[in-house]
Amino acid sequence: MTHAVTPPTTADSSRTGAAPGKALYGGTGSRRITVRDIAAAKGRGEKWPMLTAYDAMTASVFDEAGIPVLLVGDSMGNCHLGYESTVPVTMDEITLLSAAVVRGTKRALIVGDLPFGAYQEGPVQALRSATRLVKEAGVGAVKLEGGERSADQIELLVQAGIPVMAHVGLTPQSVNAYGGYPVQGRGEEAAQQLLRDAKAVQDAGAFAVVLELVPAELAAEVTRILHIPTVGIGAGAECDAQVLVWTDMAGMTSGRVPRFVKQYADLRAVLGGAAREFAEDVVGGAYPAEEHSFH
């Protein structure tokens, strides 16, 4: 069952992305959500949604729906660019699509992913890549994968004034090392490593951390321990926020989707039906009709 949520209409909300004491989701305002708003939500114990976006039109829909954070994820490789994984995605592609998402939105905090090969060489490379996303695309924050191994990169970016969302647990850019997409953090040793990774990115200055494919109990423990928000994807219900790839969420993805995905629409069927109806009208001579013609 779904319930309509009416956005708050207060004097504050007309001037702020998230007025003091007001929920991130459903708010209105003339400024962007910031990492300070995200931190305040953690203090209130507020849960909030995040979706991916890769183009201006889709991003505008999610922005109007009140989604407070949009991730221009390297998941574009799988669901937008036709790659088999996220690994081939380039800085040029991320920058181009991030700029489109920024242009299509007014309120959401836009987080741009740093793709594989854009930060692994070290902090200086990470700063160069992140700076490009901030300057050329206009994102409000960047995301990168890795815990302890990426702490130095996160620290330099934060020192340079670039907010960073970290990503631990399953890190899809490491698909070749994993040999697939297995759940992370099972067993005592793996759980302790994930805890170390989460603490390391927090200590390095990350404003939030994505927990992907992590046992729910472990994700709940990480959420209790950290003072920064956790964003779950296949990590149970106790995370501070939840994120889904929008094409999975809206039923655009063909074939099997991950177990943690809940599909809220069947847009693939809707678009396919519209395309077939259009084609049949053209073939049968019903389109264009008189009302679609000029004289």
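For the structure itself, look to the data block above.
Residues numbered from 1 in each chain as written. Predicted model: local features only at pLDDT ≥ 70, side-chain atom pairs only at ≥ 80, totals over all residues. Heavy atoms only, no water.

1. Digging into the side chain of Asp-248
To keep things clear, this is the line we draw: Each helix is a run of DSSP H or I of at least 4 residues and each strand a run of E of at least 2, with the numbering of both proceeding from the N terminus. Working definition: with a 1.4 Å probe on protein chains only, accessible area under 20% of the residue-type maximum means buried, over 50% means exposed, and in between means partly exposed. Asp and Glu count as negative and Lys and Arg as positive, but His and the ends of the chain are not part of the count. Just to be clear on terms, a salt bridge is a Lys or Arg side-chain nitrogen sitting within 4 Å of an Asp or Glu carboxyl oxygen. Residues count as neighbours in contact if any of their non-hydrogen atoms are within 4.5 Å of one another.
Among the structural elements, Asp-248 can be located in helix α10 (residues 246–249). Despite being buried, Asp-248 has no salt bridge partner; Arg-268 is the closest side chain of opposite charge, sitting 9.5 Å away. Setting aside residues no more than four positions away along its own chain, Asp-248 makes contact with Thr-253, Val-257, Pro-258, Val-261 and Gln-263.

2. Considerations on the packing of helix α5 (residues 123–137) against helix α6 (residues 151–159)
Heads up, the condition is: A fitted line through C-alpha atoms serves as each axis, taken over the contacting stretch for helices, and the angle formed by two N-to-C directions is quoted from 0 to 180°. Working definition: roughly parallel below 35 degrees, roughly antiparallel above 145 degrees, roughly perpendicular at 65 to 115 degrees, and oblique for all remaining angles. Left-handed describes a crossing whose near helix is turned anticlockwise from the far helix through less than a right angle; right-handed describes the clockwise counterpart. Classification used: nonpolar for Ala, Val, Leu, Ile, Met, Phe, Trp, Tyr, Cys and Pro, charged for Asp, Glu, Lys and Arg, polar for all others including Gly.
Contact pair α5 / α6: the axes reach a minimum separation of 8 Å and the direction vectors enclose 50°. By the angle between their directions, the pair α5 and α6 is classed as oblique. Here α5 runs over α6; the crossing is right-handed. Contact with α5, carried on its side by Pro-123, Val-124, Ala-126, Leu-127 and Ala-130, involves Asp-152, Gln-153, Leu-156 and Leu-157 of α6 and no other residues of that element. Counted by class, the contact of α5 with α6 contains seven nonpolar, one polar and one charged residues.

3. A word on the nonpolar core
When a protein is soluble and globular, its nonpolar side chains tend to lie buried together. Quick note on the threshold: Take the buried Ala, Val, Leu, Ile, Met, Phe, Trp, Tyr and Cys residues and link them wherever side-chain atoms come within 4.5 Å; each set so joined is a nonpolar core.
By size, the foremost hydrophobic cluster in this structure holds 59 residues, and its most contacted members are Leu-70, Leu-114, Val-142, Leu-157 and Leu-211. With sequence-adjacent residues up to four places away left out, Leu-114 is seen in contact with Met-91, Tyr-119, Ala-126, Ser-129, Ala-130, Leu-133, Val-142, Lys-143, Leu-144, Leu-157 and Gln-173. Formed by 19 residues, the second largest nonpolar core is a distinct cluster that contains Leu-24, Trp-48, Met-165 and Ala-208.

4. Regarding helix α11 (residues 267–284)
Because the α-helix completes a turn every 3.6 residues, residues three or four places apart line up on one side. Quick note on the threshold: In this scheme, a helix's expected span is set at 1.5 Å multiplied by one less than its residue total.
The end-to-end C-alpha separation of α11 is 25 Å, in line with the 26 Å expected for 18 residues at 1.5 Å each. Phi turns positive one or two residues past the end of α11, at Gly-285, with a value near 85°.

5. Side note on unusual backbone geometry
Following Tyr-287, the chain continues to Pro-288 via a peptide bond in cis, the omega torsion being 0°. In this fold, Pro-288 is placed in the segment after α11. If you check the backbone angles, Leu-213 has positive phi at about 50° while not being a glycine. Checked against the element boundaries, Leu-213 lands in the loop between β6 (208–212) and α9 (216–225). Its relative accessible area of 14% is what places Leu-213 among the buried residues.

6. Some words on the sheet that holds strand β4 (residues 141–145)
Stated precisely, the cut-off is as follows: In short, DSSP must find at least two bridges between two strands for them to pair.
Within the closed barrel, the eight strands sit side by side as β1-β2-β3-β4-β5-β6-β7-β8. Their pairing is parallel. Strand-to-strand twist across the sheet, computed as the mean angle between neighbouring axes with direction ignored, equals 25°. The pairing of β4 with strand β5 (residues 164–169) spans four bridges and is classified as parallel. By the bridge assignment, Leu-144 is partnered in β5 with Ala-166. Along the sheet, helix α4 (residues 91–103) contacts β2 (69–72) and β3 (109–113); its crossing angle with β2, the most-contacted strand, is approximately 155°.

7. Examining the pairing of β4
Rules: Here the term right-handed applies to a crossover when the path leading from its first strand over the helix to its second strand runs clockwise, the strands being oriented away from the viewer.
Burial within β4 is extensive, with five of its five residues counted as buried. Neither face of β4 is open: one carries Ala-141, Lys-143 and Glu-145, the other Val-142 and Leu-144, and all of them are buried. In this sheet, β4 lies alongside β3 in parallel orientation, the contact comprising three bridges. Across the sheet, the residue bridging to Asp-113 is Lys-143, located in β4. Since β4 and β5 lie parallel, the crossover through α6 that links them has a hand, and here it is right-handed.

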